[in-house]
Amino acid sequence: MPEFFAPCPRGLEKLLTDELTSFGATKLAPTDGGVGFFGDWAVCYRANLQSRLASRILWQVQPALLYRSEQDIYQMALDLPWPRWFDVKDTIRVNVTAIKCPLKSLEFITLKIKDAICDKFRSAKGARPSVDTLEPDMRIHAFIEGEKVTLYLDTSGDALFKRGVRLHTNIAPIRENLAAGILMMTGWKPGIPLIDPMCGSGTFLIEAAQMSLNIQPGIARRFAFEKLKNFDSKLWSEMREQALAAQLPVSELPIYGSDLYGDALRAAHANLDDAGLRETVDLKQCNALEASPPTDEPGILVANLPYGERMGDEDEMAALYPKLGDTLKQRFAGWNAYLFTADLRIAKLMRLSPSRRTPLFNGAIECRLFEYKMRAGSNRP
């Protein structure tokens, strides 16, 4: 049975393990930044189509082996039956990541792996695949840890957080799979009121709308496994048809978004339109400090607070936090608020006591998800 590895944003490994289990994966092995698993090709297809948390689904074509030099890695790659897996007409790209690699140049290792694949094709087919670093048909990933190297074929193509719907972005958008993971961590479920008072380009809103309508995250895109020679088109067509048939009709949902800036709202409008979800979400222009509950029923407030590229003046942000805390206390009694940020000063400046702080990573940026449970009938969380 094939072995796979699903990388994900660090902090979401447990959620991803549960998700992959629901797809039928077995022998799950969570590690920092991803989950290894076994499954047949139906599991691979399903994970690509349905995973809201994985960044890619990588097929392990060579288990971890010892090497001493770049030539050893070249020979390992040369020994693999690449022409059995994909066509010489398919373009390729090689990616190498390493932890504590004793060799000097990852670029040279990348070149040696590419040369091995091309030499294998030239020997078997009399021709070699072309390299395309921007939009390759096949991505080959090498992971080096110490003195061992593992090789993978990427079954996803573009990263899975590229849902094929959000094209208009603000200055520092949160990735879709991280947004989905945060929504899951909040305990939000379809039907529970949800508001994002700093919605930016609408990532949280779109993920919540797709979850509510049972729209699979990969339904609007293509995948690299469709180009593999073992591709089962009948199985894949049936899987997509079942997913489409299970979607709920687009309708108004208790999902609300606002932002201070008109350009951010225009991006959110455009992204919801492109996703066919415009009528599901209530959007308005509003300062987060003036936000109020959109329903009488308590729900979930979630926000990706400005930081890093979005931060601007640090003194301005330091002044925002206590005011935001006052807004939550005075207006959102009974709600649970979840604030995602890399600015850890918030813990003191909000003047609220978080009930939980969850470490998460937005790419390489270490962040926290702060949980505030706002008690009804009280000014204290």
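Below, the structure is looked at part by part. (Residues numbered from 1 in each chain as written. Predicted model: local features only at pLDDT ≥ 70, side-chain atom pairs only at ≥ 80, totals over all residues. Heavy atoms only, no water.)

Here's the deal with the pattern of salt bridges
Here is step 1: In total, this model carries 14 salt bridges according to the counting rule given.
Here is step 2: Measuring nitrogen to oxygen at the nearest pair gives 2.6 Å for the salt bridge that ties Arg 56 to Asp 154. Placement of Arg 56 in the loop between α2 (41–50) and β4 (58–66) and of Asp 154 in strand β7 (residues 148–154) is noted, with a sequence separation of 98 residues between them. Judged on exposure class, the residue Arg 56 and its partner Asp 154 are both buried.
Here is step 3: For Asp 137, the salt bridge identified is with Lys 227, shortest N-O distance 3.7 Å. With Asp 137 in the loop between α5 (106–125) and β6 (138–145) and Lys 227 in the loop between α7 (203–212) and α8 (233–245), this residue pair connects regions lying 90 residues apart in the sequence. (Salt bridge = Lys/Arg side-chain N within 4 Å of Asp/Glu carboxyl O. Helix = DSSP H or I, 4+ residues; strand = E, 2+ residues; numbered from the N terminus. Buried < 20%, exposed > 50% of the residue type's maximum accessible area, 1.4 Å probe, protein only.)

Examining the packing of aromatic side chains
Here is step 1: Enumeration according to the criterion identifies 17 aromatic pairs in this entry.
Here is step 2: Ring geometry for Tyr 45 versus Phe 225: centroids 4.4 Å apart, planes at 15°, classification stacked. Here Phe 225 lies in the loop between α7 and α8 and Tyr 45 lies in helix α2, a separation of 180 residues in the sequence. A single burial state applies to Tyr 45 and to Phe 225, both of which are buried.
Here is step 3: Between Phe 223 and Phe 225 the ring centres are 5.3 Å apart and the planes differ by 5°, which places this aromatic pair in the stacked class.
Here is step 4: Judged by its relative accessible area of 4%, Phe 223 is buried.
Here is step 5: The class of Phe 225 is buried, set by a relative accessible area of 1%. (Phe/Tyr/Trp six-rings, centres within 6.5 Å; stacked < 30°, edge-to-face > 60°.)

Focus on the packing of helix α3 (residues 70–78) against α5
Here is step 1: α5 packs onto α3 with a crossing angle of 30° between their chain directions and a minimal axis gap of 8 Å. Considering the relative orientation of α3 and α5, their crossing is right-handed. Along its contact with α3, which presents Glu 70, Gln 71, Ile 73, Tyr 74, Ala 77 and Leu 78, the element α5 presents Phe 108, Ile 109, Lys 112, Ile 113, Asp 115, Ala 116, Asp 119 and Lys 120.
Here is step 2: The class makeup of the residues in the contact of α3 with α5 is eight nonpolar, one polar and five charged. (Axes fitted to C-alpha atoms, helices over the stretch in contact; angles between N-to-C directions. Left-handed = near helix turned anticlockwise from the far one by under 90°. Contact = heavy atoms within 4.5 Å. Nonpolar A, V, L, I, M, F, W, Y, C, P; charged D, E, K, R; others polar.)

Section: the nonpolar core
Here is step 1: Of all hydrophobic cores here, the largest spans 91 residues; its most connected members are Trp 82, Ile 113 and Leu 153.
Here is step 2: In terms of residue count, the dominant contributor to this core is α2 (seven residues).
Here is step 3: Once you skip the residues sitting within four places of it in the chain, Trp 82 turns out to touch Val 61, Ala 77, Ile 117, Lys 120, Phe 121, Ile 140 and Leu 153.
Here is step 4: Grouped together as the second largest cluster of nonpolar side chains are 24 residues, Ala 288, Trp 335, Tyr 372 and Met 374 included. (Core = buried A, V, L, I, M, F, W, Y, C linked by side-chain atoms within 4.5 Å.)

Observations regarding the sheet that holds strand β10 (residues 281–285)
Here is step 1: Ordered in space as β10-β9-β8-β11-β12-β14-β13, the seven strands form an open sheet in which the pairing is mixed. With one partner strand each, in any of the chains shown, β10 and β13 (356–362) form the two edges of the open sheet. Averaged over neighbouring strand pairs, the angle between their axes works out to 20° when direction is ignored.
Here is step 2: Pairing geometry for strand β12 (residues 336–341) and strand β14 (residues 365–373), over six bridges, is antiparallel. Counterpart to Tyr 338 in the pairing with β14 is Glu 371.
Here is step 3: Sheet contacts for helix α6 (residues 176–186): β8 (194–196), β11 (300–304), β12, β13 and β14; angle to β13, the most-contacted strand, approximately 170°. (Pairing = 2+ DSSP bridges.)

Quick word on the pairing of β10
Here is step 1: Where strand β9 (residues 255–259) and β10 come together, five bridges link them in parallel fashion. In the sheet register, Asp 259 faces β10, and the bridge partner there is Gln 285.
Here is step 2: For the handedness criterion, the β-α-β arrangement of β9, helix α9 (residues 262–274) and β10 is classed as right-handed. (Right-handed = clockwise from strand over helix to strand, strands pointing away.)

Here's the deal with the pairing of β11
Here is step 1: Within β11, five of the five residues are buried, which leaves the element mostly enclosed by the surrounding structure.
Here is step 2: Where burial is concerned, the two faces of β11 agree: the one with Ile 300, Val 302 and Asn 304 and the one with Leu 301 and Ala 303 are both buried.
Here is step 3: Judged from the two bridges that link them, β8 and β11 form a sheet pairing that is parallel. Bridge pairing links Leu 194 to Ile 300 in β11.

A closer look at the sheet that holds β6
The strands making up a sheet are joined through hydrogen bonds of the backbone, oriented either antiparallel or parallel.
Here is step 1: Strand order in this open sheet of seven strands is β2-β3-β1-β4-β7-β6-β5, and the pairing throughout is mixed. Across the chains shown, the open sheet's two edge strands, defined by having one partner strand only, are β2 (26–31) and β5 (92–99). Each neighbouring strand pair of the sheet contributes to a mean axis angle of 25°, computed without reference to strand direction.
Here is step 2: Bridge analysis of β2 against strand β3 (residues 34–38) gives four bridges, and the strand direction is antiparallel. Note on β3: the bridge partner recorded for Thr 31 is Gly 34.

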